[in-house]
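Each chain, written out:
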Protein chains: 2
Amino acid sequence: MNGKIRIIQYGLGPIGIEMVKYLAERPAFEIVGAVDISPDKIGRNLKELTGLELPLNVEVSGNGAEVLKKVKADAVVLTTSSILERITPDIIQIVSAGVNVVSSCEELMYPWLTRPDLSRQIDEAATSNKVSVLATGVNPGFLMDFLPLALTGVSRRVEKITVERIQDAQFRRIPFQRKIGAGLTLAEFEEKKRQGSLRHVGLTESMHLISAGLGWELERTEDIISPVISEKDPNRATGVQQLGRGFKKGQEVITLRFRASIGEPDPRERIFIEGTPNLEMRINGGVNGDVATCSIITNAVPVVVDAQPGLRTMADIRIIPCRW
Amino acid sequence: MNGKIRIIQYGLGPIGIEMVKYLAERPAFEIVGAVDISPDKIGRNLKELTGLELPLNVEVSGNGAEVLKKVKADAVVLTTSSILERITPDIIQIVSAGVNVVSSCEELMYPWLTRPDLSRQIDEAATSNKVSVLATGVNPGFLMDFLPLALTGVSRRVEKITVERIQDAQFRRIPFQRKIGAGLTLAEFEEKKRQGSLRHVGLTESMHLISAGLGWELERTEDIISPVISEKDPNRATGVQQLGRGFKKGQEVITLRFRASIGEPDPRERIFIEGTPNLEMRINGGVNGDVATCSIITNAVPVVVDAQPGLRTMADIRIIPCRW
């Protein structure tokens, strides 16, 4: 042991490979294991898979239980799925081995209302093994939930929270443009939406995080997806917009506007808190989602290792600075 | 006991009186005691002192030890002084009675480098009594330290942090205008500066908070005060500006610009993080300091009651939402 935080990376898809790069460059971390189920990755070396010049000598394993038994680790970075049900067995296995979990799983950001059964199961397993579990990311996890909550710290009273995340997809990678439905006909857009593949997972989780932090009980939430329609060709989409609405005593108290389209004129993050006093925050140009997600997961590792045991959320963990 | 958080207010100066109003309006709190050393306040009722219509039946005491013995409290809100040395005996007495402390004391925001002796003393007394102590406020405590730290959560790497807090004092209360030296001749300004009464306490503490959060070791800090010179009368000040600079390996890595003057054209809070990636946040119009300070102290109470024992800072406590 050299005082470093020892990390196992679970999942080596595009985000997992990026995560390895972010984790490997921090002097305070050491990657001690890697797990993926894909047969064309098992047995290969992380160095080769990532193209990194770093002193990584870690072979990808297809068997998480074996890795947990073989190496002593402080944390697993889990970036395998957005679906909580799918990753719950892995989480239980990891925390039962006494290892903390930081995950990008959107449904794990605030699962207490959507999946109370799994939340309790994870919380109990983590607590009894004195480790903690946190899901984080840029959105959900930061821009549309943690940051507005943090800003209400200087509010005397909060009546309503509006968050806008407006992105210009013009210079983003092609898979991202495809993901948001840019270039599809409206019929194709509707079909993809029906299949569920256009959905940005997380607006509901962000609303639940905000209301948990503020002590609000929402009676219902909405999450509505629609195309951003091209001005040149009104039969085509240039991207997607998604509207999250949270209601308390019949009033809309949370409004989340997410929009990503090609040629968006004023990309931004904007938070508007209505209350005493009003407060408006802007990040002009917006925040690059890929960099921000890998960064906050990386920055979260030491905070989670040190956190109060159990299932934590971004509403009840200490701030996560970029600490090298 | 009714499940409410029971609070004793220490200090009934202008901020203390405001604090009582903020604390009294929260259904989750109950004010159970009040302490002040001023003979014209001792023995008077809080209701009468604050002009509040609320069911407060608390008499101001001049003897903190007696109040701590008589009433069962969860937290003291301590707004008596900006000078750590002056309030340390009170803090030790309060935590020794098993009561948490939330304070507005600027020098307590991050005292580990400026007063390691007192910091250790407070930390040990709090830890051994299983309570916690936190100082917070809008500045220091939030806008120029906590908020930039929170924003670095989505940074891969941080090279430099610049924070601007630019206030138009035109519509602020007269004591505030006087405090910033508005209307003084430059000679009067220099004299007041020499006496120390123009100084905004806290830029050094904010730099220490930022560097603690980021794991930076600053080799030195500067805190330079100068007048904002009137355009109409170049022999007079319209306010004060204060520049905080923190250096690491010979480089200026933290720059804090605080300016409050009458007729300031673009009042704002602005945070600029240079790193990977760059990020610029703005709150146009800025944040009203009086409301924000009382709000964050109020919002901090339940978080501090629930925090890890010891001397906490805004760099190592969980976020403080406006929770009613």
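Residues numbered from 1 in each chain as written. Chains lettered and ligands numbered in written order. Predicted model: local features only at pLDDT ≥ 70, side-chain atom pairs only at ≥ 80, totals over all residues.

Caption draft 1: Quick peek at the relation of the copies chain B and chain A. If you rotate chain B by 180° and push it 0.0 Å along the axis, it lands on chain A with an RMSD of 0.0 Å. What we have between these two chains is a two-fold relation. Across chain B, the smallest distance between a C-alpha and the rotation axis is recorded for Arg318(B), namely 1.7 Å. Mapped onto chain A, 100% of the interface residues of chain B are again interface residues, and the two copies thus contact each other with one and the same surface. (Least-squares fit on C-alpha atoms with pLDDT ≥ 70 in both. Contact = placed C-beta atoms within 7 Å.)

Caption draft 2: Up close: the domain arrangement of chain A. For chain A, the assigned domains are domain 1 (5–137 + 291–311) and domain 2 (146–286). On the domain 2 of chain A side, the residues contacting the seven residues of domain 1 of chain A number seven residues. (Domains from an automatic or database assignment.)

Caption draft 3: Fine view of the nonpolar core. Ranked by internal contacts, the top residues of the largest apolar core, which has 178 residues, are Val76(A), Val77(A), Ala75(B), Val76(B) and Val77(B). Every residue in contact with Val76(A), bar those within four places of it in the chain, is listed here: Ile8(A), Tyr10(A), Ile94(A), Val99(A) and Val101(A). (Core = buried A, V, L, I, M, F, W, Y, C linked by C-beta atoms within 7 Å. Buried ≥ 20, exposed ≤ 12 C-beta atoms within 10 Å, placed from the backbone.)

Caption draft 4: View of the packing of helix H1 (residues 14–24) of chain B against helix H10 (residues 289–305) of chain B. Residue and element names in this part refer to chain B. In contact at an axis separation of 9 Å, H1 and H10 are set at 50° when each is read in the N-to-C sense. With respect to H10, the element H1 is oriented oblique. Handedness of the H1/H10 crossing: right-handed. Residues Glu18, Met19, Tyr22 and Leu23 of H1 form the contact with H10, whose own contacting residues are Cys294, Ser295, Ile297 and Thr298. Here the contact of H1 with H10 is built from residues that sort into five nonpolar, two polar and one charged. (Axes fitted to C-alpha atoms, helices over the stretch in contact; angles between N-to-C directions. Helix = DSSP H or I, 4+ residues; strand = E, 2+ residues; numbered from the N terminus. Parallel < 35°, antiparallel > 145°, perpendicular 65-115°, else oblique. Left-handed = near helix turned anticlockwise from the far one by under 90°. Nonpolar A, V, L, I, M, F, W, Y, C, P; charged D, E, K, R; others polar.)

Caption draft 5: Region of interest: the interface of chain B and chain A. Tallying the contact residues gives 38 residues for chain B and 38 residues for chain A. Of all the secondary-structure elements, those providing two or more residues to the side of chain B that touches chain A are helix H6 (146–151), strand S7 (157–168), helix H9 (203–214), strand S12 (279–284) and H10 of chain B. The element contributing the most residues to the side of chain B that touches chain A is S12(B), with six residues. Within the side of chain B that touches chain A, the residues separate by chemical class into 22 nonpolar, nine polar and seven charged.

Caption draft 6: Focus on helix H4 (residues 84–96) of chain A. Residues and elements named next belong to chain A. Spanning 13 residues, H4 covers 17 Å between terminal C-alpha atoms, matching the ideal 18 Å at 1.5 Å per step. In H4, a bend of some 25° at Asp90 exceeds every other bend along the element. Taken together, the buried positions of H4 are occupied by Leu84, Ile87, Thr88, Asp90, Ile91, Ile94 and Val95. Looking at the buried side of H4, the elements it contacts are strand S1 (5–10), helix H3 (64–70), strand S4 (75–78), strand S5 (100–103), helix H5 (116–128) and strand S6 (132–135). In the stretch just after H4, Gly98 is the one whose phi turns positive, near 80°. (Expected span 1.5 Å × (residues − 1). Bend = angle between axes of the 7 residues up to and from the residue.)

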